[in-house]
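Residue strings, one per chain:
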Amino acid sequence: MLFRSAALQVTRVEIGAGAGVLFGDRVANIGTGGAFELGLTQPIGPIQLGAVGVFDLRSYHAAEASQVSDYRAISGGLRLGQEFSVDGPLSVRPAIGVRYGLVPGLGFSCDEAGGALQCVPLHDGDADVEIYALGRAVTPFAELSVAYREAGRTTALGVGVKVVVEEYIGSVASPGDAVLADLPDGTPLSYTAEPSTWNATGLRLLAHLSLADRKSTRLNSSHLVISYAVFCLKKK
């Protein structure tokens with residue numbers, strides 16, 4: 001089996017869909033959900049630089065409801081990788097990157113004191129009320145994609161699978177404001193969370209599709225040849 005560098009020198013659009021799950025005590029109430037990804041990859045020599053956006057369709061378990069859906073689980077970032085061909089049209093791309101985004105559903109147990117809520121992580125003890133905060137996280141990740149790519153005269157189409165392992169390094173706003181469902185007027189209460197930082201590990205499995213337009217590659221190459229010929233004529 002022969003591995004060799006195989007970066008197609010043209011911008012590529014990539015779309016992925018699958019499932020994602022989080023592991024860790026602080027995210028134990030957040031369930032497995034759908035994972036969607038949109039990326040744009042640009043080769044720079046043998047390296048592939050990409051911008052990626054991720055949307056996770058997850059729900060979390062809350063005390064007063066079976067499941068709560070929250071559509072704010074979005075993130076974006078950059079990816080750096082290198083693609084290798086294996087036996088013709090089959091390609092493998094290891095990559096690393098980092099994203100920044102939102103993670104809803106982080107639970108806290110809170111005691112009310114003087115109109116404010118003093119909160120600790122949800123599983124650290126009983127309390128008067130529970131709140132579910134919106135977290136923010138820096139997420140380094142490593143991924144491995146395997147794709148079958150068919151190159152035509154004008155386009156290159158690829159289909160494959162991707163595995164992504166992520167490490168969430170997050171925090172929640174503290175102090176912050178929370179609205180409790182049992183308050184009739186929806187009055188926000190201030191809360192303070194301790195600790196306000198959290199960590200979790202994520203795993204995503206995606207099927208992905210990529211599409212590249214090879215016309216721009218040929219046009220750019222022709223332009224370079226024409227420009228060089230004109231330069232030579234002027235020099236003579």
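On a predicted model such as this, the values are computed, not experimentally measured, just so you know.

Undergrad: For this particular structure, what's the right way to read the overall build of the chain?
TA: From N to C terminus, the chain includes one helix and 14 strands. Among the 236 residues that make up the chain, the fraction classed as buried is 38%. Long-range contacts, defined here as pairs at least 24 residues apart, represent 68% of the contacts in the chain between residues at least 6 apart.

Undergrad: Explanation requested: the nonpolar core in the structure shown.
TA: Across soluble globular proteins, nonpolar side chains show a tendency to be buried alongside one another. Grouped together as the largest cluster of nonpolar side chains are 20 residues, with contacts concentrated most on F108 and W198. When residues of this core are traced back to their parent elements, those giving at least two are β4 (47–62), β8 (90–113), β9 (116–121), β10 (129–151), β11 (155–172), β13 (188–193) and β14 (197–213). Looking at which element gives the most residues to this core, the answer is β8, with four residues. Residues within four places of W198 in sequence aside, it is in contact with R26, V27, V103, L106, G135, R136, A137, Y168, I169, G170, S171 and V172.

Undergrad: Where do I start with the pattern of salt bridges in this structure?
TA: Pairs can form between side chains of opposite charge once their charged atoms are near each other. Within the structure shown, the criterion is met by 14 salt bridges. Taking the shortest distance from any N to any O, the salt bridge between R79 and E37 comes out at 3.6 Å. Taken as a pair, R79 in strand β6 (residues 74–81) and E37 in strand β3 (residues 33–44) lie far apart in primary sequence, 42 residues in all. Looking at E37, the relative accessible area reads 7%, which means it is buried. Here R93 makes a salt bridge to E143, at a shortest N to O gap of 3.6 Å. Of this pair, R93 sits in strand β8 while E143 sits in strand β10, and the two are 50 residues apart along the sequence. For the pair shown, R93 and E143 are each scored as buried.

Undergrad: What is the right way to look at the pairing of β8 in this model?
TA: Every regular strand shows the same layout, with side chains that alternate between the two sheet faces. Summarising the sheet, β6 and β8 pair through seven bridges and their orientation is antiparallel. Of the residues in β8, the one forming a bridge with G77 is R99. Bridging between strand β7 (residues 84–86) and β8 involves three bridges; their strand directions are antiparallel. Directly across from V86, in β8, lies its bridge partner L90. Linking β7 back to β8 in an antiparallel pair, the connection comprises three residues, with D87 at a positive phi of about 55°. Across six bridges, the pairing between β8 and β9 is antiparallel. Across the sheet, residue C110 finds its bridge partner in β9, namely C119.

About the thresholds
In this convention, every chain numbers its residues from 1, walking through the sequence in written order. With pLDDT at 70 or above as the cut-off, local features in this predicted model cover only qualifying residues; side-chain atom pairs require 80 or more to be listed or tallied, and sums for whole chains, interfaces and linings still use all residues. Working from all heavy atoms in the structure, the side-chain values ignore hydrogens and water. In this text, helices come from DSSP runs of H or I with a minimum length of four residues, and strands from runs of E with a minimum of two, each type numbered from the N-terminal end. Three exposure classes are used, based on accessible area relative to the maximum for each residue type with a 1.4 Å probe and protein chains only: buried under 20%, partly exposed in between, and exposed over 50%. Working rule for contacts: check all heavy atoms of both residues, and any pair within 4.5 Å makes them a contact. Residues enter a nonpolar core if they are buried and are Ala, Val, Leu, Ile, Met, Phe, Trp, Tyr or Cys, with the set joined through side-chain atoms within 4.5 Å. Take a side-chain nitrogen of Lys or Arg and a carboxyl oxygen of Asp or Glu: if they are within 4 Å of each other, that pair is a salt bridge. One requirement defines pairing of two strands: DSSP has to find at least two bridges between them.

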